[in-house]
Amino acid sequence: VIIALYILQVVLKKETRLCSSKSIVTVNGKFPGPTIYAREGDNVLIKVVNHVKYNVSIHWHGIRQLRTGWADGPAYITQCPIQPGQNYVYNFTITGQRGTLFWHAHILWLRATVHGALVILPKLGVPYPFPKPNHEAVVILAEWWKSDTEAVINEAIKSGLAPNVSDAHTINGHPGPISNCTSQGGFKLNVDPGKTYMLRVINAALNEELFFKIAGHKLTVVEVDATYVKPFQTDTIVIAPGQTTNVIVTANKNSGKYMVAASPFMDAPIAVDNVTATATLHYSGTLDNNPTTTLTTSTPPQNATPVANSFLDSLRSLNSQKYPANVPQKIDHSLFFTVGLGVNPCPTCKQGNGSRVVASINNVTFVMPTIALLQAHFSGIKGVFTTDFPANPPFAFNYTNTTPPANMGTTNGTKVYRLSYNDTVQIVLQDTGIIAPENHPIHLHGFNFFQVGKGIGNYNPKTDPKNFNLVDPVERNTVSVPSGGWVAIRFHADNPGVWFMHCHLEIHTTWGLKMAFLVDNGKGPNESLLPPPKDLPKC
Ligand code: C2O
């Protein structure tokens, strides 16, 4: 067994962006944090040491964690947080996965600055299913607030109103040369003419889907969410928080500087941070200090849904002999989940006229427990959660109408949906227009799923399944439910434990757009959740 060993020190670090400085929570003093490298099949041991005054937990986003839910990381779902001064060793084996994923804090809004790339190389001697690029680079997209992000979210929780949007986007930690306040001019990717580069693009932003583009260069998409896809070329990719996309760029110019740009895609009339982050693709030998020679590009406008769709609809599983798409064909649980916003009474809220914004799935606003669900499940602690998460919304209505029926209050609850080991599941995720139709990047822990269908309007259970792709649908861990539409996903519940599913727009998670699946142990020898490690943090 090969062991990859890492120590992550959670420490404060003073950083300056947009002409102002603040202390941020980081790993090892880096923003973005260090890249973790491992190979398929490795046993990974990562010791996280908490030196800050906040509770911390880290999630290895997209790692299946087969039978090792204790290492998954979401606070109060699979573990109690690591308290100040404490540490915890995340111990897991990477089974059947290779590609780009990322790690991030999974408690309140700490992931704004606590995140980094997780690169899983294929087993030694196993090639990529596409020509090996000459070089590889990690490109992490994120958001920057001038003020303290924990203060921003705590204020929003108290007031019941939406929090402030970020002040800038960042590419590998920097807004880029367009910002008058950045001295170094942002991230620079140096390239040699004629060489190929695989960019491992990660969206670690809290609340915004992003377009990503490089002036004068095409992007060949080869992988999303650590699963290979049929390669295709595009000018622009769209990437939601929680998603990763590998693209290959050929440096087919002789010299020059080319703008790399990231800006929001948000098909809804709501406030977003509209600042385009930029970086530079820099050919070797080109003089550094002449900004006028950079070839610029503009990303699509914020509401360019056709651009996003043409990219998203091109994604197909590679589905080769070596990497088959094992799409569940027969379904044990057919679920219909509404995802969206709502309003609930809030007599204690200081603003918002006695009401607050909430979010829900099937009208259930998820309430975080105070003991981790996985612990309660494993030790049989009663009263922490109930297993009555509804398979359908309480009543049907025109989900995409922006003037919904009057009775749209949600119920609070810590409800899970229970599955038997190896059950097959289909979930139709239907966006609702309550308050506003909005994209929701839904992330499922513990599994990859296949996106078998997608549409605009209300899902029709009679006609829509006829158009499902059950042959080579894209396989991912995070899918964006389109504004005013739906997606259908399928997965195989072959991983015992408790698995979080939530909107990866952090504000929607905060408001309650989350639930969990509980998968029982199977009867076979390797079909049960392993016992918790000795150093599992206590609440
Ligand atoms: Cu990347 Cu539960 O999150």
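Residues numbered from 1 in each chain as written. Predicted model: local features only at pLDDT ≥ 70, side-chain atom pairs only at ≥ 80, totals over all residues.

**Observations concerning the environment of Thr463**
With respect to the helices and strands, the residue Thr463 is situated in the loop between strand E28 (449-456) and strand E29 (475-476). As for Thr463 and Ile442, which are separated by 21 residues in sequence, their C-alpha atoms are 24 Å apart. (Helix = DSSP H or I, 4+ residues; strand = E, 2+ residues; numbered from the N terminus.)

**Topic: the nonpolar core**
In terms of nonpolar packing, the biggest core is built from 148 residues, with Leu141, Val416, Leu429, Ile489 and Ala516 touching the most fellow members. When sequence neighbours within four positions are dropped, the list of residues in contact with Val416 reads Leu373, Phe385, Thr387, Phe389, Val498, Met515, Ala516, Phe517 and Leu518. (Core = buried A, V, L, I, M, F, W, Y, C linked by C-beta atoms within 7 Å. Buried ≥ 20, exposed ≤ 12 C-beta atoms within 10 Å, placed from the backbone. Contact = placed C-beta atoms within 7 Å.)

**Points about the pairing of strand E8 (residues 115-121)**
Counting buried residues along E8, six of its seven residues qualify, which places the element largely inside the surrounding structure. In this structure, strand E3 (residues 36-39) lies alongside E8, joined through four bridges in parallel fashion. By the bridge assignment for E8, Ile36 is matched with Leu118. Alignment of strand E7 (residues 99-105) against E8, held across six bridges, turns out to be antiparallel. Of the residues in E8, the one forming a bridge with Gly99 is Ile120. (Pairing = 2+ DSSP bridges.)

**Describing the sheet that holds strand E14 (residues 219-224)**
Read from one edge to the other, the open sheet built from six strands follows the order E10-E9-E12-E17-E14-E15, with strand pairing classed as mixed. Each edge of the open sheet carries a strand with a single partner, namely strand E10 (168-171) and strand E15 (227-234). In this sheet, adjacent strand axes meet at a mean angle of 25° when their direction is disregarded. (Axes fitted to C-alpha atoms, helices over the stretch in contact; angles between N-to-C directions.)

**Brief notes about the domain arrangement of the protein chain**
The domain architecture assigned to the protein chain consists of domain 1 (1-127), domain 2 (130-317) and domain 3 (333-519). Here the C-alpha centre of domain 3 lies 28 Å away from the C-alpha centre of domain 2. Taken together, the contact pairs 27 residues of domain 2 with 29 residues of domain 3. Elements with a minimum of two residues in the side of domain 2 that touches domain 3: helix H1 (149-159) and E15. (Domains from an automatic or database assignment.)

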